[in-house]
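Residues per chain, in single letters:
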Amino acid sequence: MIGYGRQSISQADRDAVLTVLDSDYLTQGPKNVEFEELVSAYCGAKQAISACNATAALHMAYAALNVEVGDLVWTSPITFVATANAARFLGADIDFVDIDPLTWNLSVERLEEKLRVARKKGRLPKLVVPVHFTGQSCDMERISQLAKEYGFSVVEDAAHAIGGRYHDMPVGSCRYSDITVFSFHPVKVITTGEGGMALTNNPVLAERMRLFVTHGVTRDSTLMQLPADGPWSYEMLSLGWNYRLTDMQAALGISQMTRLDDFVTRRHEIAGRYDQAFADMGLGTPYRAEWQYSAFHLYCIRWPEGLGGLSRLQAFEALRARGIGVNVHYIPVHLQPYYRQFGFAPGDFPQAESYYKEAITLPLHPSLTEAEITHIIQSIGEVAQAV
Ligand SMILES: *Cc1c(COP(=O)(O)O)cnc(C)c1O
């Protein structure tokens, strides 16, 4: 089966990890510092804080923005459940903004409408989390204008989008948001096995997140509130977690960063081949908004009911039967049983639901061989009865 996503591990990656195993630091040490500096410099953000995964990074990002019980957090229904769950960890209430049928990202028009209504009702969100679905950046400038107008914070869930660009800036610059979060899960654009990172230009948010990663504990005497008992002194200043990334993982991340641009270029080459091959087959292919350059974490197509005489489910099964590890991203979060208990129901977000009914994710990663790409293109043609 050709997987929809897969890591690419080089000899340099292996060597980097092995070197750390013989060093003094296995967890948070010099490789974490180096990895953070590398990613923040790449993105043009002032600070980066590594974490054990992106879910943890979202949790500490929301916490740093003081999201708490009873606050309202809005995001897209077409995302991984973690985007919403991290707000639930803090007791916040979740609501969703329907997607744009073209970009499949949270719709800025729907957001603006919903904000107008929410202001009248006196229940505005504290935080909005745009998700750069498949690696395509949301229109952040417009979202940040609304953030100023309506007074909410913005965290970019950029789990799909490291290596992508928004206008002439790398995703992660935080030019139009408070915090941006990346994931380094093996299917994502670069990997550390498990791993995540939160970037920000705000020194107060950075300091809070640094504490949250490691129990809220500091050994920095300039931050301490009480007179030191001795050289062993440490202080717990806030209620944090153990969200540390290990130095083995950070070393893998540093090595993967050297190939990030090549990975994204290769993803674009394959996506371009798909675009061209599928142009006249009657399926929906990814739109490329003019304000961005995608990291192309995922290549999703829309299979209209009946194309090739098949439903989406039948097309999915026919592709799996041909050894193509297609997938579906994502079941709309509001339709999950856990979220339905808060009153969400089918019909709440029609664009997200109609996207989901047709969505199929095709394999897209730098390790795909020419033979695999040809097989995928040919199979889609056969299954859609276009050849
Ligand atoms: C993968 C993913 C996450 C969670 O990332 P982890 O590193 O696996 O915790 C969050 N949001 C989105 C959109 C994702 O795709």
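Residues numbered from 1 in each chain as written. Predicted model: local features only at pLDDT ≥ 70, side-chain atom pairs only at ≥ 80, totals over all residues. Heavy atoms only, no water.

## Examining the site of the ligand
Formally: Residues are classed as near a molecule or strand on a simple rule: at least one heavy atom within 4 Å of it. Whenever two N or O atoms come within 3.5 Å, that pair is a polar contact, provided that in protein one can donate a hydrogen and the other can accept it, and provided that, for residues adjacent in sequence, both atoms are side-chain atoms. Working definition of accessibility: Shrake-Rupley area with a 1.4 Å probe, residue cover restricted to the visible protein chains. Here the nonpolar group is Ala, Val, Leu, Ile, Met, Phe, Trp, Tyr, Cys and Pro; Asp, Glu, Lys and Arg are the charged ones; every other residue, Gly included, is treated as polar.
Close to the ligand lie 14 residues, the nearest being T55, D157, H160, S183 and K188. Between the ligand and T55 there is a distance of 2.6 Å, counted from an oxygen atom to a side-chain nitrogen or oxygen. The side chain of S183 places a nitrogen or oxygen atom 2.8 Å from an oxygen atom of the ligand. Here the ligand loses 93% of its free accessible area of 380 Å² to cover by the protein chains. Taken together, the residues that form the shell around the ligand break down as five nonpolar, seven polar and two charged.

## A look at the domain arrangement of the protein
For an interface, size is often stated in terms of accessible area lost upon the parts coming together. Here is the rule we go by: An automatic or database domain assignment supplies the residue ranges for each domain. It only takes one pair of heavy atoms within 4.5 Å for two residues to be counted as in contact. By definition, the buried area sums, over both parts, the 1.4 Å-probe accessible area that each loses when the two are put together.
Assigned domains within the protein: domain 1 (2–257) and domain 2 (260–384). Relative to domain 2, the C-alpha centre of domain 1 lies at a distance of 26 Å. Between domain 1 and domain 2, the contact holds 48 residues from the first and 50 residues from the second. For domain 1, the biggest contributors to the area lost against domain 2 are I2, Y4 and W104; these three give 21% of the whole. On inspection of domain 1 and its partner domain 2, the count reaches 25 residue pairs in polar contact (both at pLDDT 80 or more).

## A short note on the sheet that holds strand β8 (residues 179–183)
Strand pairing within a sheet occurs via backbone hydrogen bonds; the two strands may be parallel or antiparallel. Filter applied, for reference: A strand pair is defined by DSSP finding two or more bridges across the two strands. Secondary structure elements are defined from DSSP: runs of H or I of at least 4 residues count as helices, runs of E of at least 2 residues count as strands, and each element is numbered from the N terminus. Axis geometry follows a simple rule: fit a line to the C-alpha atoms, using only the stretch in contact for helices, then measure angles between N-to-C directions, giving values from 0 to 180 degrees.
Taken in spatial order, the seven strands make up an open sheet running β1-β9-β8-β5-β4-β2-β3, and their pairing is mixed. Only two strands of the sheet have a single partner each, and these edge strands are β1 (47–51) and β3 (93–96). Across this sheet, the average inter-strand angle for adjacent strands is 20°, counted without regard to direction. Both strand β2 (residues 72–75) and strand β4 (residues 127–129) contribute to a ladder of three bridges, which runs parallel. Counterpart to T75 in the pairing with β4 is V129.

## Concerning helix α3 (residues 54–64)
Condition: Only protein chains enter the area calculation, which uses a 1.4 Å probe; residues under 20% of their type maximum are buried, those over 50% are exposed, and those in between are partly exposed.
Of all 11 residues in α3, 10 are buried; the element is thus mostly enclosed. Of all the positions in α3, only A54, A56, A57, L58, H59, M60, A61, Y62, A63 and A64 are classed as buried. Where α3 begins, the side chain of N53 points an oxygen toward the backbone nitrogen of T55, at a separation of 3.1 Å. Just past α3, the residue N66 takes up positive phi, approximately 65°.

## Section: the nonpolar core
Stated formally: The criterion is simple. A nonpolar core is a set of buried Ala, Val, Leu, Ile, Met, Phe, Trp, Tyr and Cys residues joined through side-chain atoms within 4.5 Å.
Grouped together as the largest cluster of nonpolar side chains are 50 residues, with contacts concentrated most on M60, Y62, V155, I179 and V181. Secondary-structure elements contributing two or more residues to this core are β1, α3, α4 (82–89), β3, β4, β8, α7 (203–213) and α12 (350–358). Looking at which element gives the most residues to this core, the answer is α3, with nine residues. Split by domain, this core shows at least three residues from each of two domains, domain 1 (2–257) and domain 2 (260–384). The residues touching I179, leaving out its near neighbours within four places in the chain, are A61, L65, V154, V155, E156, C174, A198, L199, T200, L205 and M209. With 28 residues, the next largest nonpolar core counts I301, L319, I377 and V383 among its residues.

## Observations regarding the side chain of D71
As for its position among the elements, D71 is in the loop between α3 and β2. You can call D71 buried: its relative accessible area is 16%. Here E68 takes part through its backbone nitrogen, which lies 2.8 Å from a polar atom of the side chain of D71.

## Some points on the pattern of salt bridges
Our working rule: Salt bridges are defined by distance alone: a side-chain nitrogen of Lys or Arg within 4 Å of a carboxyl oxygen of Asp or Glu.
This structure, assessed with the given rule, holds 14 salt bridges. Its salt-bridge partner being R266, residue E370 comes within 3.0 Å of it at the nearest N-O pair. Of this pair, E370 sits in helix α13 (residues 370–383) while R266 sits in helix α9 (residues 260–278); the two residues are 104 residues apart in sequence, bridging distant segments of the chain. The partner of E358 in a salt bridge is R302, with the nearest N and O atoms 2.8 Å apart. Taken as a pair, E358 in helix α12 and R302 in strand β13 (residues 299–302) lie far apart in primary sequence, 56 residues in all. Beyond isolated ion pairs, a larger network of salt bridges with shared partners links R266, E269, R273 and E370.

## Description of the layout of surface pockets
The test is simple: Only protein atoms enter the 1 Å grid, on which a cavity is a set of points fitting a 1.4 Å probe that cannot get out and a pocket is an open set with protein on both sides within 12 Å along at least 5 of 7 lines, lining residues being those with an atom within 4 Å of a point. Grid points are joined across faces, edges and corners, and a volume is the space filled by probe spheres set on the points.
Taken as a whole, the largest pocket spans an internal volume of roughly 530 Å³. Of all elements in the fold, only α2 (30–43), β1, α7 and β10 (217–218) reach the threshold of two or more residues within the lining of the largest pocket. Residues belonging to the lining of the largest pocket are distributed by class as follows: seven nonpolar, eight polar and seven charged. Along its surface, the second largest pocket is lined by 22 residues, and F80, A159, S183, K188 and Y330 are the ones closest to its centre. Broken down by secondary-structure element, the contributors of at least two residues to the lining of the second largest pocket are α3 and α4. Of the residues assigned to the lining of the second largest pocket, the class counts are nine nonpolar, 10 polar and three charged. Two domains each provide a minimum of three residues to the lining of the second largest pocket, namely domain 1 (2–257) and domain 2 (260–384).

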